[in-house]
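A look at the structure
As a plain string of letters, each chain reads:
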Amino acid sequence: MSNVQIMTGNQAAAIGAKLSNVQVVAAYPITPQSQLAEIISQYIEGGELKAEYVRVEGEHSALTVCISASTVGARVFTATSANGLLYMHEQLHWAAGSRLPIVMCCVNRGVGAPWTIFNDQQDSISQRDTGWIQIYCRNNQEILDTIIQAYRIAEEVYAPVMVCYDGFVLSHTMMPVDIPDPEKARDFLPPYQAHTILSPEDPRTLNPVLFPNRRANSAGVLCDGYMEMRYKLQAALERSPAVIEETSRRFAEVFGRDHGGLSWGYRREDAELVMTGMGSVASEAMQAADILREEGIKAGVVGIRVFRPFPAKHLKEAFRGVKGIVIFEKGISYGYEGALCSDLKAAFYGSEHQVPVHSYIAGLGGRDVKARELADAARASWQEMQSGIAEKPTTWLNCYTG
Amino acid sequence: MTTKKDDSISAMCTVAIGEAGETGDWRSLRPVINHAKCIPSIKKKSACFLCWLYCPEGVIKAAIPVEIDLDYCKGCGVCAEECPAKAITMVREGEDDE
Ligand code: SF4
Ligand code: SF4
């Protein structure tokens, strides 16, 4: 029996955390995440969720509390946005380097300066190299479901997972969401087993300074150096796409909903022109594809769900046979181009399938992105591609650049 | 300690002297105690032991006389700074104590 309720993305995220039976929550309120932190603290205060809410003075401490609690075996949750995420930056690396399965929501918001509270994805994009798995959601149902999946992935891979969703566009927009049965969620998500259980009888010093080379410890056992530990993190992330796909498949079996593991497609089968992006801009592109199809252009969408680890091999398959790719990104690697654009182009390097890629930066700082505008941009690119323009400078969509 | 899968999935070490090797050789200044000035030595009973309390490396033994384990002392000089009797002086490594 389904239990559909109308709710915001933040509410869906809070329910996702509750159904995951998180034990420790530490979050510092920041727009547009605040409602999520409020709802979870209400759950805990009202006894609906048996967890400890640790109040902190800022985001750096919020993640530090999560790191400590996760180390001693608690399932932990936190959430933030924009400058709050940047304030966590050091601890993001620490969480990943310590191989802790922390799950955090990043409610995507543009970063200052200049100050904005509105949506783009510059916050999480700029944290892509911290060793976290990043999953981008396209609607409120996916937010709830992805949080449950994220714990399973994180606890299997021993790497933290950032569940990203667009501020306001999803966080404050009401949509119908089917709430999973708590018993089923409990079965889907076995209790968290910490990779190391600390005990007073057998104490450990965690994360001591490591030396450049491998060396014997005081007991004469050869131990990894810094580089070996870092390699292990990379190797774990490289293995994780299989875990993400398997988790998505298992979730679909149990709950009947498949959001796609690493990516999802819309009218992709016979598409020649494929629009791509992450989060709500990709779901907006579905409507743009419908518009273009009506005009006779064989358009489709590949929504990229997982940005780190970057599923290069999988995406080469997902874009197999397409004749043109148009990317819409709500962030940029300043001084170059959209980060997704670079990664996607690199995925095709050396392969026989050379496909024109046009890149658009869209919707920074909450500027509205309409399906009609995406369709217009994709159509213009499609015409250019057909006249042989495979490459062109990044276009800032709907932005006065004169 | 029970672990799942990889025994050293994150960096850690046992709590043991010398886990990081004999770090005393990183030192450029060496603490030298003048026991004629040291309060416990003079009183012949446990007295201030502030050097023991403040040493960030835990390499000072609260004994009579006070002893410093130079295999691991990093030469920071905190003990010399804190000693109320000015019984500890920092001497450049390779130079004479006297
Ligand atoms: S110099 Fe520093 S490390 Fe050495 S004994 Fe004094 S306080 Fe301890
Ligand atoms: S602090 Fe100075 S006086 Fe006190 S025990 Fe240490 S060396 Fe002696």
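Parameters at a glance
Residues numbered from 1 in each chain as written. Chains lettered and ligands numbered in written order. Predicted model: local features only at pLDDT ≥ 70, side-chain atom pairs only at ≥ 80, totals over all residues. Heavy atoms only, no water. Pairing = 2+ DSSP bridges. Helix = DSSP H or I, 4+ residues; strand = E, 2+ residues; numbered from the N terminus. Contact = heavy atoms within 4.5 Å. Axes fitted to C-alpha atoms, helices over the stretch in contact; angles between N-to-C directions. Domains from an automatic or database assignment. Buried area = accessible area lost by both parts, 1.4 Å probe. Salt bridge = Lys/Arg side-chain N within 4 Å of Asp/Glu carboxyl O. Disulfide = S-S within 2.5 Å. Buried < 20%, exposed > 50% of the residue type's maximum accessible area, 1.4 Å probe, protein only. Core = buried A, V, L, I, M, F, W, Y, C linked by side-chain atoms within 4.5 Å. Near = heavy atom within 4 Å. Nonpolar A, V, L, I, M, F, W, Y, C, P; charged D, E, K, R; others polar. 1 Å grid on protein atoms, 1.4 Å probe; cavity = no way out; pocket = protein on both sides within 12 Å on 5 of 7 lines; lining within 4 Å. Points joined across faces, edges and corners; volume = space filled by probe spheres on them. Polar contact = N/O pair within 3.5 Å; in protein donor to acceptor, adjacent residues only side chain to side chain. Phe/Tyr/Trp six-rings, centres within 6.5 Å; stacked < 30°, edge-to-face > 60°. Lys NZ or Arg CZ within 6 Å of the ring centre and 35° of its normal.

1. Side note on the sheet that holds strand β3 (residues 52-53) of chain A
Residues and elements named next belong to chain A. Across the sheet, 7 strands lie side by side as β3-β2-β4-β5-β7-β6-β15; this open sheet has mixed pairing. Looking at strand neighbours, the two that pair on one side only are β3 and β15 (306-308), the edges of this open sheet. Taken strand by strand, helix α3 (residues 59-71) contacts β2 (24-25) and β4 (76-80), and its axis lies near 165° from that of β4.

2. Examining the domain arrangement of chain A
Residue and element names in this part refer to chain A. Once the domains are mapped, chain A shows domain 1 (4-188) and domain 2 (263-396). Its C-alpha centre places domain 1 at a distance of 27 Å from the equivalent point of domain 2. Listed as interface residues are 21 residues of domain 1 and, on the opposing side, 22 residues of domain 2. For the domain 1 and domain 2 pair, buried surface summed over both sides reaches about 1,800 Å², with 51% attributable to carbon and sulfur atoms. For the pair domain 1 and domain 2, the number of links is 1 salt bridge.

3. Notes on the state of the cysteines
Residues and elements named next belong to chain A. Taken as a whole and assessed by the stated rule, the structure comprises 0 disulfides over all chains. Between C66, a cysteine without a disulfide, and C105, which holds the nearest cysteine sulfur, the sulfur-to-sulfur distance is 12 Å. By relative accessible area, C66 is classed as buried at 0%.

4. Topic: the nonpolar core
All names here are of chain A. Counting 98 residues, the largest nonpolar core has F77 and F319 as the members making the most contacts within it. Broken down by element, this core gets its largest block of residues, 9 residues, from helix α7 (residues 140-157). When sequence neighbours within four positions are dropped, the list of residues in contact with F77 reads A17, V22, V24, V25, A26, L36, I40, C66, V103, C105 and Y151. Ranked by size, the runner-up nonpolar core spans 26 residues in total, among them A285, A288, A375 and W382.

5. What about the sheet that holds strand β12 (residues 263-266) of chain A?
Hydrogen bonds along the backbone pair up the strands of a sheet, which may run parallel or antiparallel. Residue and element names in this part refer to chain A. Sheet architecture is open: 6 strands sit in the order β12-β14-β13-β16-β17-β18, paired in mixed fashion. Lying at the two open borders of the sheet, with one neighbouring strand each, are β12 and β18 (395-396). By the bridge criterion, 2 bridges tie strand β17 (residues 357-361) to β18 in an arrangement that is parallel. Bridged to Y360 within β18 is T395. The strands touched by helix α10 (residues 280-294) are β12, β13 (273-277), β14 (299-304) and β16 (324-329); relative to β14, the strand with the most contacts, the crossing angle is about 170°.

6. Here we look at the site of ligand 1
The full set close to ligand 1 counts 15 residues, and B:C55, B:C73, B:C76, B:G77 and B:C79 are the nearest of them. The residue makeup of the shell around ligand 1, split by class, is 11 nonpolar, 2 polar and 2 charged.

7. Considering the site of ligand 2
Within the structure, ligand 2 sits among B:C38, B:I39, B:P40, B:C48, B:F49, B:L50, B:C51, B:V66, B:C83, B:P84, B:A85 and B:I88. For the shell around ligand 2, a count of residues per class yields 12 nonpolar, no polar and no charged.

8. So, the layout of surface pockets
Each pocket or cavity is described by its volume, and for the largest pocket that value is around 940 Å³. As for the largest pocket, its lining consists of 42 residues, and the residues nearest its centre are A:P208, B:C13, B:T14, B:E19 and B:A20. The leading source of residues in the lining of the largest pocket is strand β1 (residues 12-14) of chain B, at 3 residues. Per-class residue counts for the lining of the largest pocket are 21 nonpolar, 10 polar and 11 charged.

9. Let's talk about the interface of chain B and chain A
If you look at the interface, chain B gives 21 residues, while chain A gives 26 residues. With both chains or domains summed, chain B and chain A bury close to 2,100 Å², and 54% of this area falls on carbon and sulfur atoms. Joining chain B to chain A, the criterion identifies 0 salt bridges. For the pair chain B and chain A, the number of links is 3 residue pairs in polar contact (both at pLDDT 80 or more). Counted by class, the side of chain B that touches chain A contains 10 nonpolar, 7 polar and 4 charged residues. Here strand β9 (residues 204-206) of chain A pairs with β1(B) via 3 bridges, running antiparallel. When the sheet's bridge partners are listed, A:R204 is paired in β1(B) with B:T14.

10. Quick notes on the packing of aromatic side chains
The description of an aromatic ring pair uses the distance of the two centres, along with the angle that the planes make with each other. Residues and elements named next belong to chain A. One pass over the structure, following the stated rule, counts 9 aromatic pairs over all chains. With a centroid separation of 5.8 Å and an interplanar angle of 45°, the aromatic rings of F118 and F168 are classed as tilted. Within this pair, whereas F118 is found in the loop between β5 (103-108) and α6 (122-125), its partner F168 is found in the loop between β7 (161-166) and β8 (175-178), the two being separated by 50 residues in sequence. You can call F168 partly exposed: its relative accessible area is 24%. Considering the side-chain rings of Y136 and F307, the 6.5 Å spacing of their centres and the 75° angle between planes classify their relative orientation as edge-to-face. Remark: F307 occurs in strand β15 and Y136 occurs in strand β6 (residues 133-136); sequence separation between them is 171 residues. For F307, a relative accessible area of 0% translates into the label buried. We note K18 situated over the ring of Y43; from NZ or CZ to the ring centre the distance is 4.3 Å. Its end group placed over the ring of W115, R109 keeps NZ or CZ at 5.3 Å from the ring centre.

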